[in-house]
Amino acid sequence: MRLLLKLVIPEVMKLQDKIRKEKAHKIEKAENYYAYADSIGKNMAFISFTKLYYTI
């Protein structure tokens, strides 16, 4: 199933805000990643989104 970015990005923004506002158990060097299935390499692939800020 393919999702439209105009539907996905607002939800991602909410999750990022929640993660960034959380203070308990926060590790400064920790990073956040998107995970996806790499069908060519037949494994899981990860993309860091720690420093990404989306705008609409």
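Below is a short write-up of the structure. Keep in mind that what you see is a predicted model, and the values were worked out from it rather than measured.

As a further point, take the side chain of Gln-16. Looking at where Gln-16 falls in the secondary structure, it is placed in helix α1 (residues 5-21). Judged by relative accessible area, Gln-16 falls into the buried class, the value being 3%. Contact partners of Gln-16, with chain neighbours within four places excluded, come to Tyr-34, Phe-49, Leu-52 and Tyr-54.

Among the structural elements, Asp-17 can be located in helix α1. Judged by relative accessible area, which is 40%, Asp-17 ranks as partly exposed. Residues Asp-17 and Tyr-53, spaced 36 residues apart in sequence, show a C-alpha to C-alpha distance of 9.7 Å.

Conventions adopted
Residues numbered from 1 in each chain as written. Predicted model: local features only at pLDDT ≥ 70, side-chain atom pairs only at ≥ 80, totals over all residues. Heavy atoms only, no water. Helix = DSSP H or I, 4+ residues; strand = E, 2+ residues; numbered from the N terminus. Buried < 20%, exposed > 50% of the residue type's maximum accessible area, 1.4 Å probe, protein only. Contact = heavy atoms within 4.5 Å.

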